[in-house]
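Next come the chains, spelled out residue by residue.
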Amino acid sequence: MGAPRAIALCQCFNGALEFQAGHWAEAEAALGESIQLYREIGASSGEALACQRLGVLQTARGQLAEGLATLEEGVLAAERALMRAHCLTRLYAAMARNRLAAGEVVAAGNILALGLAMSERHGHCTTCDALLLPAAVSVRIAEGDIAAAETFCSHLDEAAEQYASRLWLAMARQARGELAAAQGQFDTALEYYTEARSGFASAGNEYEVARCLDAISEIRLARGIEDDIATGQKAQIEARRILERLGAI
C-alpha cells in the first residue's frame, strides 16, 4: 500500500527483532529506514523510539559516540512527542547504559536520575521499566551504592513475577548476578548468571547470552578455585565467538 507510517512501524519492530536475533546489519538498516520515514511524516514518538533502539544497537557494538548521538537525536524528537515521558524514560535508560560503557559513571548517574523522574511521572510503565530498572542496578553498583542497587533489584524481581515473562525473569536474574558479584558472593552470582543465560538463550537473545558468559568468565577467573580457570576460559571463548558473530567486537 505504500503507507509510510505503517512501513515505519513495521521496520521499527523488525529492527528490534533482528537485533534480538543477532542479525545486527539487518537491524541497523531497518531502524535507519524507520527513523527516516518517521521524520518525513513528523511522527515524533515513533522517531524517538526507533532512535532509542538504534542507539542500543550501536552501544552494544561499542560505537559509543555514535550511539550517544543517536540517543540525543531521539531525545530531541521525544520532546515533541505525544508519548514524551515514555519515550524519554527509555532513551535515558539507554543513555545511562551508554555512559556506563564509556566509563562515565557520574554522567550515567545524572542521566539515570532523569529517567527515574520520567518513570515516576508516567506511573512506572512496565515496558519502560524493563529498560530502566536493570540500568539503575548497574549504575548504582558502579557508584558503590549497594543498598540502592538492592532496592532496584527487588523492584525488578517483583515486576518479573507480575509480568511472568521468560525474558523479564532472565533480566532479573542477570541483575541479581551483577549485584552478588559486586558483593563478592561468587557462588550466588554464578547461579544467577547461569539462570539468566538459560533464560536469554530460550528467548533467542544471543547478545545477553554473551554478556552472561562474559560475566561468568570474569567471576571464575577472579575466584580461581578448582576448575575455575578452565571453565572461565571456555566461557570467555564462547562469549567472544558470539560477540564476533554479532559484530560487537
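Residues numbered from 1 in each chain as written. Predicted model: local features only at pLDDT ≥ 70, side-chain atom pairs only at ≥ 80, totals over all residues. Heavy atoms only, no water.

(A) Structural view of the pattern of salt bridges. The full count for this structure, using the stated rule, is 17 salt bridges. Here R39 ties to E47 by a salt bridge, and the two come within 2.8 Å at their closest N and O atoms. Judged by its relative accessible area of 37%, R39 falls in the partly exposed class. Three or more residues are tied together by salt bridges with common partners; here these are R39, E47, E73 and R80. (Salt bridge = Lys/Arg side-chain N within 4 Å of Asp/Glu carboxyl O. Buried < 20%, exposed > 50% of the residue type's maximum accessible area, 1.4 Å probe, protein only.)

(B) Quick peek at the confidence of the model for the protein. Within the protein, residue pLDDT values average 92, and 98% of them lie at 70 or more. Mean pLDDT in the protein bottoms out at helix α7 (residues 126-143), which sits at 90, and peaks at helix α4 (residues 64-78), which reaches 97. (pLDDT = per-residue confidence, 0-100. Helix = DSSP H or I, 4+ residues; strand = E, 2+ residues; numbered from the N terminus.)

(C) Fine view of the packing of aromatic side chains. In this structure the tally under the stated criterion is four aromatic pairs. Considering the side-chain rings of W24 and Y207, the 5.5 Å spacing of their centres and the 65° angle between planes classify their relative orientation as edge-to-face. Here W24 is found in helix α2 (residues 24-41), whereas its partner Y207 is found in helix α11 (residues 206-223), with 183 residues between them in sequence. In this structure, W24 and Y207 share a single accessibility class: buried. The rings of F19, W24 and Y207 are connected pair by pair, giving a single aromatic cluster. Against the face of F13 rests R53, its NZ or CZ located 5.3 Å from the ring centre. (Phe/Tyr/Trp six-rings, centres within 6.5 Å; stacked < 30°, edge-to-face > 60°. Lys NZ or Arg CZ within 6 Å of the ring centre and 35° of its normal.)

(D) Spatial organisation of the nonpolar core. Ranked by size, the top nonpolar core spans 65 residues in total, and within it F19, W24, Y92, M95, W168, F200 and Y207 carry the most contacts. For this core, the leading source of residues is helix α5 (residues 84-101), giving nine residues. Not counting chain neighbours up to four residues away, the residues in contact with Y207 comprise F19, W24, A60, L243 and L246. Listed in part, the ten residues of the second largest apolar core include C12, L31, I35 and L37. (Core = buried A, V, L, I, M, F, W, Y, C linked by side-chain atoms within 4.5 Å. Contact = heavy atoms within 4.5 Å.)

(E) Layout of the environment of C212. The topology assignment puts C212 in helix α11. C212 gets classed as buried once you look at its relative accessible area, which sits at 0%. In this structure, the C-alpha to C-alpha distance between C212 and R197, residues 15 residues apart in sequence, is 5.7 Å. C212 has contacts with Q174, Y193, A196, R197 and F200, leaving out every residue within four places of it along the chain.

(F) Structural context of the side chain of R220. Topologically, R220 is positioned in helix α11. Within the local environment of R220, its side chain forms a polar contact with the side chain of D228, the two groups lying 2.6 Å apart. With near-sequence residues (within four places) excluded, R220 lies in contact with L190, D228, T231 and G232. (Polar contact = N/O pair within 3.5 Å; in protein donor to acceptor, adjacent residues only side chain to side chain.)

(G) Just α2, in detail. For α2, built from 18 residues, the straight-helix expectation of 26 Å at 1.5 Å per residue is met to within 8% by its first-to-last C-alpha distance of 26 Å. Taken together, the buried positions of α2 are occupied by W24, A27, A30, L31, S34, I35, L37 and Y38. Tucked into the core, α2 has its buried residues touching α1 (4-21), α3 (44-60), α11 and α12 (228-246). One or two residues past the end of α2 sits G42, with phi positive at roughly 70°. (Expected span 1.5 Å × (residues − 1).)

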